[in-house]
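Tertiary structure, described
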Amino acid sequence: MKLAKTLPILLSLGAALGSASAWALPNDRDQPIRIQADDAQLDDKNGVATYKGDVIITQGSMKVTGNTVTITRTQSGDIDVVTSVGNLAYFEQLQTAGDTKPVQGYGVTIQYHASQDRVVLIDRAKVVDKDNNVTQGEKIVYDTNKKLASAGRATGSKVTESRPRIDMVIQPKKKTDEQKAQ
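Residues numbered from 1 in each chain as written. Predicted model: local features only at pLDDT ≥ 70, side-chain atom pairs only at ≥ 80, totals over all residues. Heavy atoms only, no water.

**Describing the overall build of the protein chain**
- Regarding its fold elements, the protein chain presents 3 helices and 10 strands.
- Ordered by position from the N terminus, the helices and strands of the protein chain form the series α-α-β-β-β-β-β-β-β-β-β-β-α.
- Long-range contacts, defined here as pairs at least 24 residues apart, represent 47% of the contacts in the protein chain between residues at least 6 apart. (Helix = DSSP H or I, 4+ residues; strand = E, 2+ residues; numbered from the N terminus. Contact = heavy atoms within 4.5 Å.)

Following this line, the structure appears as structure tokens:
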């Protein structure tokens, strides 16, 4: 499977929300992918791989977890959709070399639609960037090409916790002693 090219995009959602110009560590996509699970079902004919039971997928500084992770492929073998479901599904990734805290994303369901370059976090969706800025809502959608994020109601999707409003917390920028003196 060509997972190495698509997982970095899924995990860069939080990095993009925190800083549109900052993405993931450049060498993450060159690292081997490790998948750990209690059970794996691979259906090559239909292009579906399903991993169940405390699933952990890592590649470089990236990490995706969930109770179930399903990866579907197109007829040509490219990744179509990666879906992680859990209580809560989770992803993390460092934005730049030297970072000590990764960007983190949570949701009951996290989907990456490769052909549409879109990441969707549904139900108790939450993104925390490295500066502890937080975005929460029923649904957070991110277009990886346009670097455009939207958060709102999860219309048409079942949610366990209704959140009629978006909740954001933006941390103040730390000022240097020189800036304070001015």
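There's more to say after this.
**Points about a nonpolar patch on the surface**
- Taken together, Ile166, Met168 and Ile170 make up a surface patch of nonpolar side chains, about 310 Å² in accessible area.
- Relative to the elements of secondary structure, isoleucine 166 occurs in the loop between strand E9 (148–152) and strand E10 (167–169).
- Since its relative accessible area comes to 35%, isoleucine 166 is described here as partly exposed. (Patch = residues over 30% accessible without salt bridge, like charges linked within 9 Å, V, L, I, M, F, W, Y side chains within 5 Å. Areas by Shrake-Rupley, 256 points an atom, 1.4 Å probe, with all protein chains shown as cover. Salt bridge = Lys/Arg side-chain N within 4 Å of Asp/Glu carboxyl O. Buried < 20%, exposed > 50% of the residue type's maximum accessible area, 1.4 Å probe, protein only.)

**Details of the pattern of salt bridges**
- In the structure shown here, the tally under the stated rule is 2 salt bridges.
- We note a salt bridge from aspartate 44 to arginine 73, for which the minimum N-O separation is 2.6 Å. On the criterion of sequence distance, the pair formed by aspartate 44 in the loop between strand E2 (39–43) and strand E3 (48–59) and arginine 73 in strand E4 (residues 62–73) is long-range, its members being 29 residues apart.
- Judged by relative accessible area, which is 65%, aspartate 44 ranks as exposed.
- The shortest N-O distance in the salt bridge between lysine 130 and aspartate 99 comes to 3.3 Å. Within this pair, whereas lysine 130 is found in the loop between strand E7 (118–128) and strand E8 (134–143), its partner aspartate 99 is found in the loop between strand E5 (79–93) and strand E6 (103–113), the two being separated by 31 residues in sequence.

**Side note on the packing of aromatic side chains**
- A complete count under the given rule lists 1 aromatic pair for this structure.
- A centroid spacing of 5.1 Å and a plane angle of 50 degrees characterise the contact between tyrosine 90 and tyrosine 106, whose relative ring orientation is tilted. In this pair, tyrosine 90 sits in strand E5 while tyrosine 106 sits in strand E6, placing the two residues 16 residues apart along the sequence.
- The partly exposed category is assigned to tyrosine 106, whose relative accessible area is 21%. (Phe/Tyr/Trp six-rings, centres within 6.5 Å; stacked < 30°, edge-to-face > 60°.)

**Some details on unusual backbone geometry**
- Here asparagine 87 and leucine 88 are connected by a cis peptide whose omega angle stands at 10 degrees.
- Tracing the backbone through its elements, the reader meets leucine 88 in strand E5.
- Phi at arginine 124 is positive, roughly 60 degrees, even though this residue is not glycine.
- Mapping arginine 124 onto the fold places it in strand E7.
- Of note, the phi angle at asparagine 132 is positive, near 70 degrees, even though the residue is not glycine.
- Turning to its location among the elements, asparagine 132 is positioned in the loop between E7 and E8.
- By relative accessible area, asparagine 132 is classed as partly exposed at 38%.

**A word on the environment of threonine 160**
- Within the secondary structure, threonine 160 is located in the loop between E9 and E10.
- For threonine 160, a relative accessible area of 60% corresponds to the exposed category.
- Each C-alpha atom, one on threonine 160 and one on aspartate 123, is 6.6 Å from the other, the two residues being 37 residues apart in sequence.
- Discounting chain neighbours no more than four positions away, the residues touching threonine 160 are Val108, Asp123 and Arg124.

**Observations regarding the nonpolar core**
- Counting residues in hydrophobic clusters, the biggest one holds 20 residues, and the most contacted among them are Val69, Ile71, Val82 and Leu121.
- Elements with a contribution of two residues or more to this core: E3, E4, E5, E6 and E7. (Core = buried A, V, L, I, M, F, W, Y, C linked by side-chain atoms within 4.5 Å.)

**With respect to the pairing of E7**
- Most of E7 sits inside the fold, with 8 of its 11 residues counted as buried.
- Sheet analysis places E6 next to E7, joined by 8 bridges and oriented antiparallel. Note on E7: the bridge partner recorded for tyrosine 106 is lysine 126. (Pairing = 2+ DSSP bridges.)

By themselves, these figures tell us nothing about what the structure is for.
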